[in-house]
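For reference, the chains in residue letters:
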Amino acid sequence: FTMPATWVNMVQRTQTSHLPDPPDPTPVEQGIGVYYSHLLYGGLSMAIVEDRKWKSSPTVQIPEARIVNGWAQNPAYDAVTEGDVPGAQLLGPRQEEFLEEWTADWSGGAWMKAVASQTIFANVATLPPPADTDAVTPRLRVMKPGEYAEGETPVADHDSNGWPQTPRNRALRAIRKGLAFHIAGDQHLGSTIQYGIDDWNDASWAICVPSVANVWPRRWYPSKPGGNRPDGAPRYAGEFKDGFGNKMTVHAVSNPIESGVEPTALFDRAPGYGIVRFDRGSRRITMANWPRWVDATKPGAEPYPHWPITITQTDNGLPDSGWTLPEVSAPGLTDPIVEVVDASTGERVYAFRIQGTSLEPPVWGPGTTSVRVYDPERPEVEGSFKGLKATQE
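Residues numbered from 1 in each chain as written. Predicted model: local features only at pLDDT ≥ 70, side-chain atom pairs only at ≥ 80, totals over all residues. Heavy atoms only, no water.

(A) Structural detail: the overall build of the chain. Of the regular secondary structure elements, the chain holds six helices and 24 strands. Rg of the C-alpha trace for the chain: 22 Å, near the compact-globule value of 21 Å for 393 residues, within the 12% margin. With the C-alpha coordinates of the chain rotated into their principal frame, the extents come out at 65 × 50 × 40 Å. A burial count over the chain gives 52% of its 393 residues as buried. The contacts in the chain between residues at least 6 apart in sequence include a share of 69% that link residues at least 24 apart. In the structure as shown, the chain presents an accessible area of about 17700 Å², 53% of it carried by carbon and sulfur atoms. Of the charged side chains in the chain, 35 are positive and 47 negative; the average position of the first set lies 3 Å away from that of the second. (Helix = DSSP H or I, 4+ residues; strand = E, 2+ residues; numbered from the N terminus. Rg over C-alpha atoms; globule rule 2.2 N^0.38 Å. Buried < 20%, exposed > 50% of the residue type's maximum accessible area, 1.4 Å probe, protein only. Contact = heavy atoms within 4.5 Å. Areas by Shrake-Rupley, 256 points an atom, 1.4 Å probe, with all protein chains shown as cover. Lys, Arg positive; Asp, Glu negative; His and termini not counted. Charge placed at Lys NZ, Arg CZ, Asp CG, Glu CD.)

Below you can see the structure in the form of structure tokens.
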């Protein structure tokens, strides 16, 4: 975006002209086009999001932090307590509205949702103090198998989408309304995490694929153990707050490591690619990050350690509070959409296509809720339930 607008538009057309048209094609400043859109393929409903175009500049928004290339040079600045400034944007109002509408749209036989964007909404990276930029990253020693870089701490790179925090959380709340999985890259470090908004694990899962040629090999070596780390999980796993105070649960990362594969200048930096499989029958999502030198189609091929990981559609933020509503259904509908609305605010809590004919909808807590059971392809059949009271198991 530092280049002339005509050049930016040429690059965007080259890389995104195959996508469906955006819901609102109005250009931004300087006549730069937009490409965020909705792609429905095989019943998988994908939101393609631009998480760079509307993102605020931290240099402008937080001048006292003295941001240089995403990194605060003022040692007195605290990214957790001072970084979440009013008015800062991540996706911008147009894309936030788009996500709200998209998570409610289950037409065309959509049975699962996923978001594709530049990068994940967290900063999964550590550096050894006193480093105050990631300029040291390419020079850090690559660990041998089984080694762990001691003494590193989570960092606050404002170029990551861990910043700004409030619009990050707004985006995650919108995505959660469709139980959507998140696919992204750009952070160079392959990772699988689950987002937290108000609490750990109350939002979607995400996979960040590694760079295919990783000249900037970021890493995740937290000194303190993560909370609720499962038995047998790697040392770096568990519940953490990133450098901006965002909640995230780290499940797997592909840290740079001495691979034993030549050329080491390329392969010791953990380059690779990611594969995500969505299974319509089971509603399971299986994800893995793969080394660049491995052909995933070959018998016996193995991804990076601690993958593959399999979750279900409902793991992406369906309430797990123990509070549920009475069973709902609609006559003659199989695999309908169940839409839950907070009766006190009128806000949609979530909507997704269930499997079967009925559901006891989970909710976040006590209160009065309205539920609609429907199928966009059969508008003449609908179940409407108002004033439902939640009960706790």
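(B) Inspection of the packing of aromatic side chains at higher detail. Inspection of the entire model under this criterion finds nine aromatic pairs. Judged by centre distance (6.2 Å) and plane angle (25°), the rings of Phe121 and Tyr195 are stacked. Pair noted here: Phe121 is in the loop between β5 (112-116) and β6 (126-127) and Tyr195 is in strand β9 (residues 191-196), with a separation of 74 residues, a long-range link. Across the pair, Tyr195 and Phe121 agree in class, each one buried. (Phe/Tyr/Trp six-rings, centres within 6.5 Å; stacked < 30°, edge-to-face > 60°.)

(C) Expanded view of the pattern of salt bridges. A full pass over the atoms with the stated rule returns 19 salt bridges. Note that Arg235 and Glu150 form a salt bridge whose closest N and O atoms lie 2.8 Å from each other. Linking Arg235 in the loop between β10 (205-208) and β11 (238-241) with Glu150 in the loop between β6 and β7 (153-154), this pair joins segments that are 85 residues apart in sequence. Residue classification places Arg235 among the partly exposed residues on the basis of a relative accessible area of 36%. For Glu150, a relative accessible area of 54% puts it in the exposed group. What emerges from the salt-bridge pattern is a single network uniting Glu100, Lys177, Glu347 and Arg348. (Salt bridge = Lys/Arg side-chain N within 4 Å of Asp/Glu carboxyl O.)

(D) How the structure looks around the sheet that holds strand β22 (residues 368-374). Spatial strand order, β19-β18-β22-β23: four strands in an open sheet with antiparallel pairing. In this open sheet, the two strands that pair with only one neighbour each are β19 (348-353) and β23 (382-389). Put simply, the sheet's adjacent strands are angled 15° from each other on average, direction ignored. Bridge analysis of strand β18 (residues 337-342) against β22 gives six bridges, and the strand direction is antiparallel. Within β22, the position partnered with Val338 by the bridge is Val373. (Pairing = 2+ DSSP bridges. Axes fitted to C-alpha atoms, helices over the stretch in contact; angles between N-to-C directions.)

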